[in-house]
Amino acid sequence: MCGITGWINWSGDLSTEQDTLKKMADSIAHRGPDEEGFWLSEQAALAHRRLIVIDPRGGKQPMTSSDQQLVLTYNGELYNYRELTQELQQKGHTFTSNSDTEVVLHAYMEWKEECVKHFNGIFAFAIWDKKEQQLFLGRDHLGVKPLFYSKQGDSLCYGSEMKAILAHPSVQPQVDRKGLAEVFGMGPMRTPGQAIFKGIDEVRPGHYVIATANSIEEHRYWKLESKPHTDDVDTTTETIRELLTDTVQRQLISDMPVVSMLSGGLDSSGLTSLAAQEFKQTDKKLGTYSIDFDQNEDHFQKDFLRHDMDEPWVKRVSDHVGTDHHSVTFGADQLLSNLLEPMRGRDLPGVGEIETSLYLLFTEMKKDATVALSGESADEVFSGYPWFHQEKYLGAEVYPWLVNLKGISSVLSEETKKQIQPEQYQKERFAEAYEEIPFLEGESEFEAKQRQMSYFFITRFLPFMLDRKDRASMKTGFEVRVPFCDYRIVEYLWNVPIDYKNVDNIEKGILRRALKGALPDDVLYRKKSAYPSDKDPVYLEGVQNWMIDILDNPDSPILSLIDTKKVRAIASNETEEMNTDQMKGLLDYLIQINAWLDEYDIELIS
């Protein structure tokens, strides 16, 4: 996994712009700490930061075609690159390395923009076509790997992270009304394609972009298609089992150490079991990692998303499967001192201590490995979240995860509310997403609501989860692979009826059946519990004091956007409108917004 960036100028000469290009690349050096590479010509300047995972000697980038007409910068892993290599060789292509990077380049040579339809993997890449004077930007089906771009006059800059684009002197860190509406109206989630900063766009998942001197064209190459599901329950179960086994086998391919995240929940436990079976065939033991908090047994509280503590279940799975397990424990002080690191990784404010603990976990995992498996997407495609099973969320006119999101809009200043109209903005984005849904003719109202919910979670919520995982891991130079995001699994599950998914009268029942025998029954039927959160009151006290310091500083950039009296009341425990988790989440977010406005020197424009 790597970091890519570049700069195209159709009317200038970039051959002497090494310093600017290096500045852009250096801003994302964390994504590729092993090597750097540059390629410059009159019209194009491409840079690459490499994290070596496959073929250490080959795969150096930027990579050029033999005739020097094509130049590639690529971030990702193709899990079917071996099959593609054979197919391309049969078509007359010759390879000089064992890297999937070279496969991407030859696939483009053979199929042009259709190449992305042949890929199974996680990827974001750019190809400069000298002959056609065009830049091709491609991104994977679900958007596991990030890719942004900005058109500035006769120039276009792109990068794995927005900071690489912001490092270019022609791109200014400006945020307009729409950007603020995203920050305050959508929370840490983003509308696909919206990068918050004015003038910066995101290549959407399942899309590619072709940029020339005169135009920028965005094309969709993959989408969910609705059709009747004709397999019975047993066949569906077996198909899911086969797909999971195949994708885990593919995603264990690496020349560097591979480990697995383990929470003791169904998703990570299932992947861990399948991966451990593969390891045992070569007499190896899989390493696993979980997260816990100091004095968690004393402070844990059951809530809407968390039913019990993970650690007892983690030990149960590790002992059963036979892994080399590492439980990484953090305290409130560590979480507080690193609160802003995920924001710096994402270039945007996020979800606070949950992201912080994830970043710290990857920091520890990086000491022993380069690659990990993780369970993102299972709840989205198998309809596992609690939101899928309660009527008030199925019938909401905003995204279900926003229904209980209290506090953000209520603490804005009246002027800010009037300017960005957060509630109206939420409804508009909801309506846009609703219009995209490919409902199936003849399905019942309940089935249609479930399909709607699935669509929202796959296309609107999952991108946030993947952003969080990518930035938190890549900030430490660590690659995370997400088997449940294999587009074949997502396509298949999209049309599986909800009563199949909930077979045996339990959420994700079909997945539990598919993993039968891989896990002990008590783990197999454990009630879903979300990613853990630290309940230590020391943390809440820390963010409250931090917020008061911000309010007491007249130079704090967030002050003009919020109702300072309301925020001070929350930070001083002088309100009963919020519970502890809501209070902590709000203060986490406001602290990050203030630091984001300050550190990125953001100019707010109308």
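Above this text is the structure in question.
Heads up: these notes are all about the structure in this document. (Residues numbered from 1 in each chain as written. Predicted model: local features only at pLDDT ≥ 70, side-chain atom pairs only at ≥ 80, totals over all residues. Heavy atoms only, no water.)

For the rest of this paragraph, the subject is helix H23 (residues 537-552). Counted at 1.5 Å a residue, the expected span for H23 with its 16 residues is 22 Å, and the 23 Å between its end C-alpha atoms agrees. Those residues of H23 lying buried are Tyr539, Leu540, Gly542, Val543, Gln544, Met547, Ile550 and Leu551. Tucked inside the fold, the buried residues of H23 contact helix H10 (332-337), helix H12 (353-365), helix H24 (564-571) and helix H25 (580-599). For H23, the capping residue at the N-terminal end is Asp536, with a side-chain oxygen 2.9 Å from the backbone nitrogen of Val538. (Helix = DSSP H or I, 4+ residues; strand = E, 2+ residues; numbered from the N terminus. Expected span 1.5 Å × (residues − 1). Buried < 20%, exposed > 50% of the residue type's maximum accessible area, 1.4 Å probe, protein only. Contact = heavy atoms within 4.5 Å. Polar contact = N/O pair within 3.5 Å; in protein donor to acceptor, adjacent residues only side chain to side chain.)

Our next topic: the pattern of salt bridges. In total, this model carries 50 salt bridges according to the counting rule given. Here Asp347 makes a salt bridge to Lys163, at a shortest N to O gap of 2.9 Å. In this pair, Asp347 sits in the loop between helix H11 (341-346) and H12 while Lys163 sits in helix H4 (residues 162-166), placing the two residues 184 residues apart along the sequence. As far as the burial class goes, Asp347 and Lys163 line up, both buried. One salt bridge connects Glu445 with Lys449, and the closest N-O pair in it is separated by 3.8 Å. With Glu445 and Lys449 both in helix H18 (residues 445-474) and 4 residues apart, the pair spans about one turn of that helix. Judged by its relative accessible area of 22%, Lys449 is partly exposed. What you see here is one network of salt bridges that share partners, running through Arg31, Arg139, Lys145, Glu161, Lys163, Arg190, Glu202, Asp347, Asp467, Asp470 and Arg471. (Salt bridge = Lys/Arg side-chain N within 4 Å of Asp/Glu carboxyl O.)

Before going further, it helps to spend a moment on the sheet that holds strand E4 (residues 63-64). Reading across the sheet, the 6 strands line up as E4-E5-E6-E7-E12-E13 and stay open at both edges, with antiparallel pairing between neighbours. Single-partner strands in this sheet number two, and they are E4 and strand E13 (216-220). Those strands touched by helix H3 (residues 100-111) are E4, strand E5 (70-78), strand E6 (121-129) and strand E7 (134-139), and its axis lies near 125° from that of E5. (Pairing = 2+ DSSP bridges. Axes fitted to C-alpha atoms, helices over the stretch in contact; angles between N-to-C directions.)

Before going further, it helps to examine the nonpolar core. One finds Phe119, Phe125, Leu142, Phe197 and Trp596 to be the most contacted residues of the largest nonpolar core, which totals 181 residues. Here this core takes 12 residues from H18, the largest share from any one element. Listed in part, the 19 residues of the second largest apolar core include Ile8, Val71, Trp128 and Leu156. (Core = buried A, V, L, I, M, F, W, Y, C linked by side-chain atoms within 4.5 Å.)

What follows concerns the environment of Ser65. Along the chain, Ser65 turns up in the loop between E4 and E5. A C-alpha to C-alpha distance of 9.0 Å links Ser65 and Glu102, two positions 37 residues apart in sequence. Apart from the residues lying within four places of it in its own chain, the contact partners of Ser65 are Leu70, Leu105 and Met109. At 3.3 Å, the side chain of Ser65 forms a polar contact with the backbone nitrogen of Gln69.

Once that is clear, we can look at the packing of aromatic side chains. Within this structure, the stated rule accounts for 28 aromatic pairs. Taking the centre distance of 6.0 Å and the plane angle of 55° together, the rings of Tyr399 and Phe430 count as tilted. Residue Tyr399 is located in the loop between helix H14 (391-394) and helix H15 (400-403), and its partner Phe430 is located in helix H17 (residues 422-436); the two are separated by 31 residues in the primary sequence. Judged on exposure class, the residue Tyr399 and its partner Phe430 are both buried. By the ring-pair criterion, three or more aromatic residues cluster together here, those being Tyr385, Trp387, Phe388, Tyr399, Trp401, Phe430, Phe456, Phe457, Phe461 and Phe464. We note Arg429 situated over the ring of Tyr425; from NZ or CZ to the ring centre the distance is 4.4 Å. The cationic tip of Arg451 hangs over the ring face of Trp494; the distance from NZ or CZ to the ring centre is 5.2 Å. (Phe/Tyr/Trp six-rings, centres within 6.5 Å; stacked < 30°, edge-to-face > 60°. Lys NZ or Arg CZ within 6 Å of the ring centre and 35° of its normal.)

Two pairing modes exist for strands in a sheet, parallel and antiparallel, and in both the strands are linked by backbone hydrogen bonds. Spatial strand order, E2-E3-E1-E9-E8-E11: 6 strands in an open sheet with antiparallel pairing. Two strands bound the open sheet, and with one partner strand each, they are strand E2 (35-40) and strand E11 (201-202). In the sheet, E2 pairs with strand E3 (residues 44-50) via 6 bridges, with the strands oriented antiparallel. Considered in E3, the bridge of Leu40 is made with Ala45. Seen against the sheet, helix H1 (residues 18-26) touches strand E1 (2-9), E2, E3 and strand E9 (155-159) and runs at an angle of roughly 145° to E2.

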